[in-house]
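Examining the three-dimensional arrangement
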Amino acid sequence: MTLSSSEAAGLDPRPLHARIAADLRDEIMSGDLAPGAKLPSTTRLKARFDASNATIQKAVQLLKDEGLAIGRAGAAVTVRDNRQRTVRPAGSLTPAADGAAYPWLTEASEGASAAHSALLVVEEVCVAGDVAAALGRPEGSPAVCRRQLISIDGEPAELVSSYYPPDLARGTALAEPRRIRGGTPTLLTELGFAPRRSVDRLSARVATQEQYTALRLPGDLPVLRTLRTVYGADDLPVEVTVMVKAGHLYELQYEFTPE
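Computed from a predicted model, the values in this text were never measured in an experiment.

What counts and how
- Position numbers for residues start from 1 in each chain and track the written sequence from start to end.
- Reporting in this predicted model follows two pLDDT cut-offs: at least 70 for local features of residues, and 80 or more for side-chain atom pairs to be given and counted; totals over whole chains, interfaces and linings ignore these cut-offs and use all residues.
- To obtain the side-chain values, all non-hydrogen atoms of the structure were used and water was disregarded.
- Counting from the N terminus, the helices are DSSP H or I runs at least four residues long and the strands are E runs at least two residues long.
- Counting of polar contacts relies on pairs of N or O atoms within 3.5 Å, with two restrictions inside protein: one atom must be capable of donating a hydrogen and the other of accepting it, and residues adjacent in sequence are counted only when both atoms are side-chain atoms.
- The contact criterion used throughout is that any non-hydrogen atoms of two residues lie within 4.5 Å.
- Here, strands pair whenever DSSP counts at least two bridges between them.
- Only the stretch in contact is used when a helix axis is fitted, and all axes are lines through C-alpha atoms; the angle between N-to-C directions ranges over 0 to 180 degrees.
- Each residue's exposure class comes from its accessible area (1.4 Å probe, protein chains only) as a fraction of the maximum for that residue type: buried when under 20%, exposed when over 50%, partly exposed otherwise.

Attention now moves to the side chain of Thr184. Its location among the elements puts Thr184 in helix H8 (residues 183-190). Engagement of the side chain of Thr184 in a polar contact is seen with the side chain of Glu239, the distance being 3.2 Å. With near-sequence residues (within four places) excluded, Thr184 lies in contact with Tyr164, Leu174 and Glu239.

This part covers the sheet that holds strand E7 (residues 197-206). Spatially, six strands are ordered E4-E5-E6-E9-E8-E7 in an open sheet, and the strand pairing comes out antiparallel. With partners counted over all chains shown, the strands left at the sheet margins are strand E4 (115-126) and E7, one partner each. In this sheet, neighbouring strand axes are inclined to one another by 15° on average, regardless of whether the strands run parallel or antiparallel. Here E4 runs beside strand E5 (residues 142-152); their pairing, made up of 11 bridges, is antiparallel. What sits directly across from Ser117, in E5, is Ile150.

Counting buried residues along strand E9 (residues 237-246), 10 of its 10 residues qualify, which places the element largely inside the surrounding structure. Here strand E6 (residues 155-164) pairs with E9 via six bridges, running antiparallel. Each bridged residue has a counterpart across the sheet, and for Glu158 the counterpart in E9 is Lys245. Relative to E9, strand E8 (residues 222-231) is paired through nine bridges, and the arrangement is antiparallel.

Okay, structure coming up:
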């Protein structure tokens, strides 16, 4: 394959408007451009990036399409409030109190927005790849899968697929197409498989067609994929979950205490 001159020189081969949007996106997500702040004027951006008015407008439109900026004709474009959410994964293992919302769902909404979990399907599937390995089962082995779509303020936020060993799940609420009162940590505990330890593997990936559609992604943006393995007694896996979020809207916060 022959490299272009820009690739050979180690330069960014993306169109200029995409490069400009990438720099502004990073400033928004890092807080250099705070929620509610105005984006730099077109004049300033033209000078900064040595770009035309049309190129700047295309870059800003990308940020609007991604939900990171908001504006209308004749008004300044501003950073949209509360677009990047911090998720603390440890909260997903906490059982819910009777009648209370799932702690991880409250966490995802930061206590200020309306979060909702929609159960898409419950079915037995054949597992493969890293899911099979995490469950400790051969390729093509059956597992019970529960798939959900998490929405916040009516917008899709996360696609969640949880897998369970069939001998654990069959004949229980895990295999039934209904919500589980108190969440799966509560049910697993009741079944005698209380979660003792959780291991997360996090990667950034290009969205699949299913993920792109389900999360209504506005463009060619990465997703954050978390593969979580939950272990019970004797360090046996009792749940493996794949969680996919829009990469430009979320950050994950992990806390560690030295032993």
